[in-house]
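The residues making up each chain are set out below.
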Amino acid sequence: MKNIYLIIFIIVIATSGCIEKHQIVNLSIVQEPDIRENDTAVIVAIAPVVSQKESYIYYEDMIQYISRKLGGPVRIVQRRTYQEINDLIQNNEIDFAFVSSGPYVEGNSKFGMKLLVVPEVDGKTTYNSYIIVPRNSNYTNLLDLRGRRFAFSDPLSNSGKLYPAYRLFLINETPESFFGKDEKGRYNYFYTYSHDNSIIAVAEQLADGAAVDSLTYDYMKNTRPEIISKTRIIEVSPPFGNPPVVVPKDINPFLEKRLKDIFLNIDKDEEGREILSRIMIDRFVNINDSAYDTVRGMREEIK
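A closer look at the sheet that holds strand S7 (residues 150–152)
Taking strand neighbours across the sheet as the criterion, the five strands line up as S8-S7-S9-S6-S10 in an open arrangement whose pairing is mixed. With partners counted over all chains shown, the strands left at the sheet margins are strand S8 (189–191) and strand S10 (231–236), one partner each. On average, each strand axis in the sheet is inclined to that of its neighbour by 30°, with strand direction left out of account. Inspection of the sheet shows strand S6 (residues 129–134) paired to strand S9 (residues 209–213) by four bridges, in the antiparallel sense. Note on S9: the bridge partner recorded for Tyr130 is Val212. The strands touched by helix H5 (residues 158–169) within the sheet are S6, S7, S8, S9 and S10, with S9 carrying the most contacts at an inclination of about 120°. Against the sheet, helix H7 (residues 195–203) engages S6, S7, S8, S9 and S10, with an angle of about 150° to S9.

A few points about the sheet that holds strand S2 (residues 74–78)
Within the open sheet, the six strands sit side by side as S2-S1-S3-S12-S4-S13. Their pairing is mixed. Edge positions in the sheet fall to S2 and strand S13 (283–285), since each of these pairs with one other strand and no more. The average undirected angle you get between the axes of adjacent strands in this sheet is 25°. Here three bridges tie strand S1 (residues 42–46) to strand S3 (residues 96–98), and the two strands are oriented parallel to one another. The partner of Ala45 across the bridge, within S3, is Ala97.

A short note on the packing of aromatic side chains
This model, assessed by the stated rule, comprises 19 aromatic pairs. Between Tyr187 and Tyr189, the aromatic rings sit 5.8 Å apart at their centres with planes inclined by 25°, giving stacked as the arrangement. Assessed through its relative accessible area of 35%, Tyr187 is described here as partly exposed. A network of ring pairs unites the aromatic residues Phe150, Phe152, Phe178, Phe179, Tyr187, Tyr189, Tyr191 and Tyr193 as a single cluster. The residue whose ring lies beneath Arg80 is Tyr193, and the NZ or CZ to ring-centre distance is 4.4 Å. Here Lys161 stacks its cationic end above the ring of Phe152, 5.2 Å away from the centre of that ring.

As for the pattern of salt bridges
Under the definition given, this model contains 20 salt bridges. Between Asp269 and Lys69 there is a salt bridge; the shortest N-O distance is 3.8 Å. With Asp269 in the loop between helix H10 (253–265) and helix H11 (270–278) and Lys69 in helix H2 (residues 52–70), the pair connects residues that are 200 residues apart, well separated along the chain. A relative accessible area of 41% places Lys69 in the partly exposed class. Residue Arg299 pairs with Glu300 through a salt bridge whose shortest N-O separation is 3.3 Å. Taking relative accessible area as the criterion, Arg299 reaches 9% and is therefore assigned buried. Salt bridges linked by common partners bring Glu106, Lys110, Arg299 and Glu300 together as one network.

A closer look at the pairing of S2
Counted residue by residue, S2 has five buried out of five residues, so it is predominantly covered. Here S2 shows a buried face lined by Val74, Ile76 and Gln78 and a second buried face lined by Arg75 and Val77.

What counts and how
Residues numbered from 1 in each chain as written. Predicted model: local features only at pLDDT ≥ 70, side-chain atom pairs only at ≥ 80, totals over all residues. Heavy atoms only, no water. Pairing = 2+ DSSP bridges. Helix = DSSP H or I, 4+ residues; strand = E, 2+ residues; numbered from the N terminus. Axes fitted to C-alpha atoms, helices over the stretch in contact; angles between N-to-C directions. Contact = heavy atoms within 4.5 Å. Phe/Tyr/Trp six-rings, centres within 6.5 Å; stacked < 30°, edge-to-face > 60°. Buried < 20%, exposed > 50% of the residue type's maximum accessible area, 1.4 Å probe, protein only. Lys NZ or Arg CZ within 6 Å of the ring centre and 35° of its normal. Salt bridge = Lys/Arg side-chain N within 4 Å of Asp/Glu carboxyl O.

See below:
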């Protein structure tokens, strides 16, 4: 029996050639329409690097740990797109968020989103964009995918949209011109709104290729090897600064310091190390904003 992800993709693709107009609904997560009203909890938003249920599972233990260290409740909110998370930060509706490098650069430029810390993974504070294809295909690089069906993760994603778009920009192409349209006049690319969904789309051959976050891909090697085994990597980008933890520009300075101290010391006790080990993070560290200059440069050139 095919997994639920495949069923969701087939339904969406069958009903529209433009996936970004439809939400991949996860009924196990309930999102409250009013975030701050009568709510004294510290609120964290989780960007959809992976699908909502997987994100909740991935971060749940860490959020409970942070709550205990703060001595009060921490509530998780989730949204479908990076832009929605950025809007929450800009409007001071949340206190901190786990985002990706593309949304951070966008938010920092537009409304002063601030770096808090970044995860160190395998001794590095960088990650890559992987261009992946089905294992049994004969594609060897991005250029082989001209006119084929391609999965982007999110319009604001660095690894899942900006980098491959920049690769095309360098050869005077755009996603529209390079991937073209199908027989019904619909563009041959779509958005999955999470990197794991993009990987699954390629594994199940719903897409001929995708651009995905190396951290998610490598994490799924351990958690979903049966999916990864159906794909292969044909290109690896230069390194980019890891997806950061961020805070609003006008965050309470005391809360900002408390959160930073908790993250920077989570690897110092046994419980924290165990939580980090389960999600394949070494520790959290400070990083200079210049780590994201490469992303800024690509973004500005394409504009």
